[in-house]
Protein chains: 2
Amino acid sequence: MTVEDMAREMKLSAPRMGATSETSRNQALQAIRNALEAHKDDIFAENHKDLDEADKTGVADAVKKRLKFDEGKLGSVLEGLTMLMELEDPIGKVTLNRELDEGLRLVRQSCPIGVIGVIFEARPDALVQIASLCIKSGNCAILKGGKETLNTNRILFNVIKEAVTKAGLPEGCLAQAESHAEIDELLKLDRYVDLLIPRGSNKFVRYIMDNTSIPVMGHSDGICHIYVDEETDEAIDIIVDAKIQYAAACNAVETLLINKNVSDEFLKNLAKRLKSEGVKINATPELISKLGAEAEEVTQISDNDFDTEYLSFALGIKFVSDIDEAIDHINQHGSHHTDSILTKNQENIEKFMQLVDSAGVYANCSTRFSDGFRYGFGAEVGISTGKIHARGPVGLDGLMTYKYKLYGSGQTVDEYATGKKSFTHKDI
Amino acid sequence: MTVEDMAREMKLSAPRMGATSETSRNQALQAIRNALEAHKDDIFAENHKDLDEADKTGVADAVKKRLKFDEGKLGSVLEGLTMLMELEDPIGKVTLNRELDEGLRLVRQSCPIGVIGVIFEARPDALVQIASLCIKSGNCAILKGGKETLNTNRILFNVIKEAVTKAGLPEGCLAQAESHAEIDELLKLDRYVDLLIPRGSNKFVRYIMDNTSIPVMGHSDGICHIYVDEETDEAIDIIVDAKIQYAAACNAVETLLINKNVSDEFLKNLAKRLKSEGVKINATPELISKLGAEAEEVTQISDNDFDTEYLSFALGIKFVSDIDEAIDHINQHGSHHTDSILTKNQENIEKFMQLVDSAGVYANCSTRFSDGFRYGFGAEVGISTGKIHARGPVGLDGLMTYKYKLYGSGQTVDEYATGKKSFTHKDI
């Protein structure tokens, strides 16, 4: 079956999937949980095939770590499923209940988006997580995972699909695409696919965004900033955490902006600590001149070199004259992801939070907090740097839309247009 | 200045616009109101130039009616401004306030989207309405109006811009694009423009959607349905209203699906009434065969002719075997705008509302109710048939996003990752 055929069928199934009860969706999650446990040896065996292939093709160690699906990862996945079952049903929430006139009642109620295309990196646990988020929220999903985990994805998908179908969910609620060419097919299916969620490299996400008219939720870049407005006791710890706690994450800091009035001592201590943690410092000449002996091993860069997402143990550092210059720099060079100010000055904290145009605006803590689990959302689809629909870490809510139900008793618009009747607009 | 230069500057102004007080934004709306009244003679004079030009080029009467900006239209526009001033400030609403841990508080707060590009049809009142919605919501806007109202748009824009700037809003909060070529420029500016709202013909909106990676809010089609599940007393009145009350509207009915069990008498009465109201009936042979003498002047069409948005006094009619066939037809051939069921059967009403995948799902009333004013939103940006961000009639809320503010006191993620601290996730 082509991706188009799959998507067309799925579009027709989607309203039925959205009409399933909370109980049946939670039972399906339980069924997935049971099936994954029952089939774990087969799943690990398929994963070994992918790992062997990765060894042969010389895949990087960091990537291999992501490819691996073992007892530990299975454990987290099972725990995630249990958590998801316990979350409140996102379907059917009434957000407006209004009498437009006697016998004419308007209700706005949450419902699933419908058909979601998810294209994700080579992480088998991501397949389970995303499929289960879609099921919990009553959405249908077309899943396309990374080619490096083809065997693991295939068995995981088959196990999950069989489990949910047996549990009584519509046959067409999940589909899998396997070949890379199918991505381009998928991008054209705006008639059938309501939302695309791409996860992966900047370049890949950018490609998706540039080549489809389907709405896309996600982020291509994660150029996060910390602005040191004033030296604080904990500033250096926060900067180190934001850079090295997980340098490959999109919420790791890439650029440090420092108010030029901070002490030389602070700068030297900062440089010393960063170097001792293995961070490669890229700084402007003005800043390097303040570092004394600590200038060693620091790479000189210019004011134009601050559009880089390093995703590694490297950090760009420059001076700014004041908070306004910091804000403008972030708004022009940032990716509207997460930016933090370090200061005791409350007024500056509020100014920064007001004027920095990012999904996360932080004070006195690490940019790495930008994450659905840390925010207490239970589960995360991804992080959105767009401003439309969902912004920042996206939980189940991001997979929902709403519809307006209007219960009438014979009303025509003409009666209101000609003044025979008038609206009451009373919220009930 | 090129559109790109305008947009780049606007992107930098946007956070400042978002930081303006409710008072100053309302004062700006009052200033627009005063200025429009003060300059009305000049505005009418410029509008006459456009009307004269329209006479020369032989523009259709319906279009000329839209181009006209007279005392009546000015009156509605001024009234709209007053209503808008009275609406609650959409900025700064707190939708989440959560302690992640002691001294680490997360706040989600509404804020403007930022830079909005609005491309609209040749209706001068739309320019005022859209500019003032953007101001109320703290957004910056690039406005591109129809070429047929070039002179009226120019003076309206200048009057508005001068008024809001004098009232103290940032200089860069409004910009105007005048040439058609600038639309294509605008579509490329995804770095600076956060949202596009196109209004106009299906073909035009489709063009915008297909040629930009900027999120688009709106609708290209409005193929709305009425499904007659059972004959009701008011069914014929509702159908007539939905078709003729304003046939050029996107929420007018285009297709009537009738349960094949209705009486021949109902069908004959319906056909008679529609014809007497001047509606051109297009029906399938099966249906025509039931009409007896009323079959006269009815055009025969096939089952494949139900993807047409007539936008005129024409209506497609066909039989369906049951509610399921009706629902599938609507989901496949509709535009997910607004669809209504006519029946006394409560179970079928709920089934229809649950399974029809449209922004508006109605029972026993006209599809023409789908409108921001009728829903009591005070003002309307447009109607969205997309499911992302906003669906159905879009009021001020549709111009808002949110940001996450995280107030910390030195926290690093590593403390939580290594178990030294743990999250409390307490809503406050």
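Structure first, text after, so check above.
Residues numbered from 1 in each chain as written. Chains lettered and ligands numbered in written order. Predicted model: local features only at pLDDT ≥ 70, side-chain atom pairs only at ≥ 80, totals over all residues. Heavy atoms only, no water.

Participant: Lay out the pattern of salt bridges in plain terms, naming residues and giving numbers.
Facilitator: One pass over the full model with this rule turns up 65 salt bridges over all chains. Note that A:Arg206 is salt-bridged to A:Asp210, the shortest N-O span being 3.0 Å. Of this pair, A:Arg206 and A:Asp210 both sit in helix α9 (residues 202-210), separated by four residues, roughly a single helical turn. Assessed through its relative accessible area of 43%, A:Asp210 is described here as partly exposed. A salt bridge links B:Glu178 to B:Arg154, with the nearest nitrogen and oxygen atoms 2.8 Å apart. With B:Glu178 in the loop between β5 (174-177) and α8 (181-187) and B:Arg154 in helix α7 (residues 150-166), this residue pair connects regions lying 24 residues apart in the sequence. When its relative accessible area of 36% is taken as the criterion, B:Arg154 is described as partly exposed. Through salt bridges with shared partners, one network takes in A:Lys11, A:Asp194, B:Asp357, B:Lys387 and B:Arg391. (Salt bridge = Lys/Arg side-chain N within 4 Å of Asp/Glu carboxyl O. Helix = DSSP H or I, 4+ residues; strand = E, 2+ residues; numbered from the N terminus. Buried < 20%, exposed > 50% of the residue type's maximum accessible area, 1.4 Å probe, protein only.)

Participant: Describe in detail the relation of the copies chain B and chain A, supporting the description with residues and values.
Facilitator: Between chain B and chain A, the superposition needs a rotation of 180° and an axial shift of 0.0 Å, giving an RMSD of 0.0 Å. Overall, the copies show the geometry of a two-fold rotation axis. When each C-alpha of chain B is compared by its distance to the rotation axis, B:His389 comes out closest, at 1.8 Å. (Least-squares fit on C-alpha atoms with pLDDT ≥ 70 in both.)

Participant: Tell me about the side chain of B:Gln109, residues and numbers included.
Facilitator: As for its placement among the helices and strands, B:Gln109 is situated in strand β2 (residues 104-112). Reaching out from B:Gln109, the side chain makes a polar contact with the backbone oxygen of B:Gly92 at a distance of 3.2 Å. (Polar contact = N/O pair within 3.5 Å; in protein donor to acceptor, adjacent residues only side chain to side chain.)

Participant: Explain the environment of B:His48 residue by residue, including any values.
Facilitator: Take B:His48: it is sitting in helix α3 (residues 40-57). Classification of B:His48 as partly exposed rests on a relative accessible area of 47%.

Participant: An account of the nonpolar core is needed here, citing residue identities and associated values.
Facilitator: In this structure, A:Ile32, A:Leu36, A:Leu81, A:Ile135, A:Leu143, A:Val164 and A:Leu174 are the most contacted members of the largest nonpolar core, which totals 87 residues. With eight residues, helix α6 (residues 124-136) of chain A is the largest single contributor of residues to this core. In this structure A:Leu36 touches A:Ile43, A:Leu74, A:Val77, A:Leu78, A:Leu81, A:Val128, A:Leu156 and A:Val159, once residues within four positions along its chain are discounted. Counting 71 residues, the second largest nonpolar core, distinct from the first, contains B:Ala31, B:Val193, B:Ile214 and B:Met217. (Core = buried A, V, L, I, M, F, W, Y, C linked by side-chain atoms within 4.5 Å. Contact = heavy atoms within 4.5 Å.)

Participant: Got a sec to walk through the sheet that holds strand β12 (residues 338-342) of chain A? Specific residues and values, please.
Facilitator: Taken in spatial order, the eleven strands line up as β10(A)-β9(A)-β11(A)-β8(A)-β7(A)-β12(A)-β13(A)-β16(B)-β2(B)-β1(B)-β17(B) in an open sheet, and their pairing is mixed. The open sheet terminates on both sides in strands that have one partner only, identified here as β10 (299-300) of chain A together with β17 (426-427) of chain B. Note that strand β9 (residues 280-283) of chain A and strand β11 (residues 314-320) of chain A share four bridges and pair parallel. The residue bridging A:Asn282 from the neighbouring strand is A:Gly316, located in β11(A). Strands β7 (224-228), β12 and β13 (360-365) of chain A together with β16 (400-411) of chain B of the sheet are contacted by helix α14 (residues 346-355) of chain A, whose axis makes an angle of about 145° with β16(B). (Pairing = 2+ DSSP bridges. Axes fitted to C-alpha atoms, helices over the stretch in contact; angles between N-to-C directions.)

Participant: Before we move on, can you summarise the interface of chain B and chain A with the specific residues and values?
Facilitator: Taken together, the contact between chain B and chain A spans 82 residues of the former and 81 residues of the latter. Surface buried jointly by chain B and chain A totals about 6,700 Å² across both partners, of which 56% is contributed by carbon and sulfur atoms. Inspection of the chain B/chain A interface yields nine salt bridges. With its nearest N and O atoms 2.7 Å apart, the salt bridge here joins A:Asp190 to B:Arg206. (Buried area = accessible area lost by both parts, 1.4 Å probe.)

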